[in-house]
Amino acid sequence: MTDEILFEQRGHAGVVTLNRPKALNALNHPMVTALAKQLDDWASDDSIRHVVLTASGEKAFCAGGDIRKVYDMKQTGEPGLAEFFRDEYLLNAQIKAYPKPYISLIDGIVMGGGVGLSVHGSHRVGSEFVMFAMPETGIGFFPDVGATYFLPRMPRYTGTYCAMSAGRLKQADLLATGVLTHAIKRESLPGLLTALETATDVDAAIKAVAIDPGASDLMSHVDVIEAAFSADSVAAIMQRLDEAGDEFAAKAAETIRTKSPTSVHLAFEQMRKGRDLDFNGCMKLEYRIVSRILEGQDFFEGVRAVLVDKDHAPKWQPDSLDQVDRVELQAYFEEPAKGDLPLV
């Protein structure tokens, strides 16, 4: 058992605490396997009525998966690069199908793998300090951990915007788009956790401290977002952004052009495919994509540029959106040599 993730029973709540505050509670493989086992145990434990996920420190709930570890494995020739993602994606599916209320108390940064731990549960409660992003296109990766399912289901193509641009959302944006089920003040989080120890009605306990976070900045731009990101190709989206005559659109276009071109195209394609897949189908698709990405160059170059050398000057291959071959892109969606993710 790792001390980087803690489990305890408080009353009839099973409480999980992500406990790597100095690493922004980044999710590593031992944490994934420990959580999967504990959730399995609690699912059949009648003394546990619901699960509460929280985190140590105020800066981050969970800033994502420990991709630096995957990079280091690649550099040393260590095998099994896909195993972390395999187990993480199976955990995402386990959370989505969990038979008891699963409540995430989200305070601070929540990105990538942290989104996967929270967004698929029944209740997502976020403080005024929550900051959400799926930043993967900026490191040559793709929005995973179930993003193929939840992003296309966000209203009016806001999810496609997030997928391609790595756009950051705040509390009101997250409530408006359904990523959060409830908004709360940070100062109310300890009291809510205490209330959940004895609560027989989870919804009532959360509603008692929920707030109205006000208007969403993201949704003030939703007409521009929908007009551009509803286009049927990356090229058409970029053209619509360029021609919009809007500051928000111009900024989105500028941002997307700094991302890995291959990743941007992958994100677009997965959003289109994800609309018509069930959750497990989306997770199987993501495992196909990651298996292919781990054989390529952009992901490791992106991690190098952002997390290792920190020069923020990745050399993408290819290096522009119009050079990505959409036919070659289809290989990312084919069954990997070692087989699909074992989900029905």
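Structural notes, computed from the coordinates. (Residues numbered from 1 in each chain as written. Predicted model: local features only at pLDDT ≥ 70, side-chain atom pairs only at ≥ 80, totals over all residues. Heavy atoms only, no water.)

1. Brief notes about the sheet that holds strand S1 (residues 5-10)
Line of reasoning, step 1. Read across the open sheet, the seven strands follow the order S1-S2-S3-S5-S7-S9-S10; overall the sheet is mixed. The sheet terminates laterally at S1 and strand S10 (210-211), the two strands that pair on one side only.
Line of reasoning, step 2. On top of the sheet, helix H8 (residues 189-198) reaches S1, strand S2 (13-18), strand S3 (50-55), strand S5 (102-106), strand S7 (123-126) and strand S9 (182-184); it is set at about 165 degrees to S5, its chief contact. (Pairing = 2+ DSSP bridges. Helix = DSSP H or I, 4+ residues; strand = E, 2+ residues; numbered from the N terminus. Contact = heavy atoms within 4.5 Å. Axes fitted to C-alpha atoms, helices over the stretch in contact; angles between N-to-C directions.)

2. A short note on the state of the cysteines
Line of reasoning, step 1. Enumeration according to the criterion identifies zero disulfides in this entry.
Line of reasoning, step 2. Left without a disulfide partner, Cys62 is nearest to the cysteine sulfur of Cys162, which lies 18 Å away.
Line of reasoning, step 3. The class of Cys62 is buried, set by a relative accessible area of 0%.
Line of reasoning, step 4. Cys282 carries a free sulfur, and the closest cysteine sulfur to it, the one in Cys162, is 16 Å from it. (Disulfide = S-S within 2.5 Å. Buried < 20%, exposed > 50% of the residue type's maximum accessible area, 1.4 Å probe, protein only.)

3. Quick notes on unusual backbone geometry
Negative phi characterises most residues that are not glycine, and trans characterises most peptide bonds.
Line of reasoning, step 1. Cis rather than trans, the peptide bond between Gln317 and Pro318 has omega equal to -5 degrees.
Line of reasoning, step 2. The residue Asn25 is not glycine, and still its phi comes out positive at about 55 degrees.
Line of reasoning, step 3. Inspection of the secondary structure puts Asn25 in the loop between S2 and helix H1 (29-43).

4. Things to note about the pairing of S3
The two faces of a sheet get side chains in turn, since along a regular strand they alternate between them.
Line of reasoning, step 1. Burial analysis of S3 places six of its six residues in the buried class, which makes it a mostly covered element.
Line of reasoning, step 2. Burial along S3 is two-sided: the face carrying His50, Val52 and Thr54 and the face carrying Val51, Leu53 and Ala55 are both buried.
Line of reasoning, step 3. As judged from the six bridges shared by S2 and S3, these two strands associate in the parallel manner. If you follow Ala13 over to S3, its bridge partner there is His50.
Line of reasoning, step 4. Pairing between S3 and S5: three bridges, direction parallel. Among the inter-strand pairings, Val51 is bridged to a residue of S5, identified as Tyr102.

5. Digging into the pattern of salt bridges
Line of reasoning, step 1. A complete count under the given rule lists 17 salt bridges for this structure.
Line of reasoning, step 2. Arg156 is paired through a salt bridge with Asp223; the nearest N and O atoms lie 2.5 Å apart. You can see Arg156 sitting in the loop between helix H5 (147-150) and helix H6 (158-165) and its partner Asp223 sitting in helix H10 (residues 222-229), a full 67 residues away along the chain.
Line of reasoning, step 3. Among the residues examined, Asp223 registers a relative accessible area of 54% and is labelled exposed.
Line of reasoning, step 4. One salt bridge connects Glu269 with Arg326, and the closest N-O pair in it is separated by 2.7 Å. Of this pair, Glu269 sits in helix H13 (residues 261-274) while Arg326 sits in helix H16 (residues 326-329), and the two are 57 residues apart along the sequence.
Line of reasoning, step 5. A relative accessible area of 6% places Glu269 in the buried class.
Line of reasoning, step 6. Several salt bridges share partner residues, and in doing so they unite Glu301, Arg304, Asp309 and Asp311 into one network. (Salt bridge = Lys/Arg side-chain N within 4 Å of Asp/Glu carboxyl O.)

6. What about helix H2 (residues 67-76)?
Line of reasoning, step 1. The complete set of buried residues in H2 reads Ile67, Val70, Tyr71 and Met73. For H2, the angular spread of buried residues about the axis comes to 160 degrees, placing them on one side.
Line of reasoning, step 2. Of the surrounding elements, those touching the buried residues of H2 are helix H3 (81-96) and helix H15 (298-308).
Line of reasoning, step 3. One or two residues past the end of H2 sits Gly77, with phi positive at roughly 75 degrees. (Arc of directions from axis to C-beta.)

7. Digging into the packing of H1 against H3
Line of reasoning, step 1. Orientation of H1 relative to H3, taken along the N-to-C sense of each, is 30 degrees, at an axis distance of 9 Å. Viewed along their axes, H1 and H3 adopt a mutual orientation that is roughly parallel. The two elements H1 and H3 cross, and the hand of that crossing is left-handed. Together, His29, Val32, Thr33, Leu35, Ala36, Leu39 and Asp40 of H1 and Glu83, Phe84, Asp87, Glu88, Leu91, Gln94 and Ile95 of H3 make up the contact between the two elements.
Line of reasoning, step 2. For the contact of H1 with H3, the class distribution of residues is seven nonpolar, three polar and four charged. (Parallel < 35°, antiparallel > 145°, perpendicular 65-115°, else oblique. Left-handed = near helix turned anticlockwise from the far one by under 90°. Nonpolar A, V, L, I, M, F, W, Y, C, P; charged D, E, K, R; others polar.)

8. A short note on empty space enclosed by the protein
Line of reasoning, step 1. Within the structure shown, the criterion is met by one cavity of 30 Å³ or more.
Line of reasoning, step 2. Of the volumes computed, that of the largest cavity is approximately 50 Å³.
Line of reasoning, step 3. If you trace the largest cavity, you find it lined by Ile106, Val110, Val115, Ser118, Val119, Val130, Phe132, Leu174, Val179 and Leu180.
Line of reasoning, step 4. When its residues are assigned to classes, the lining of the largest cavity shows nine nonpolar, one polar and no charged. (1 Å grid on protein atoms, 1.4 Å probe; cavity = no way out; pocket = protein on both sides within 12 Å on 5 of 7 lines; lining within 4 Å. Points joined across faces, edges and corners; volume = space filled by probe spheres on them.)

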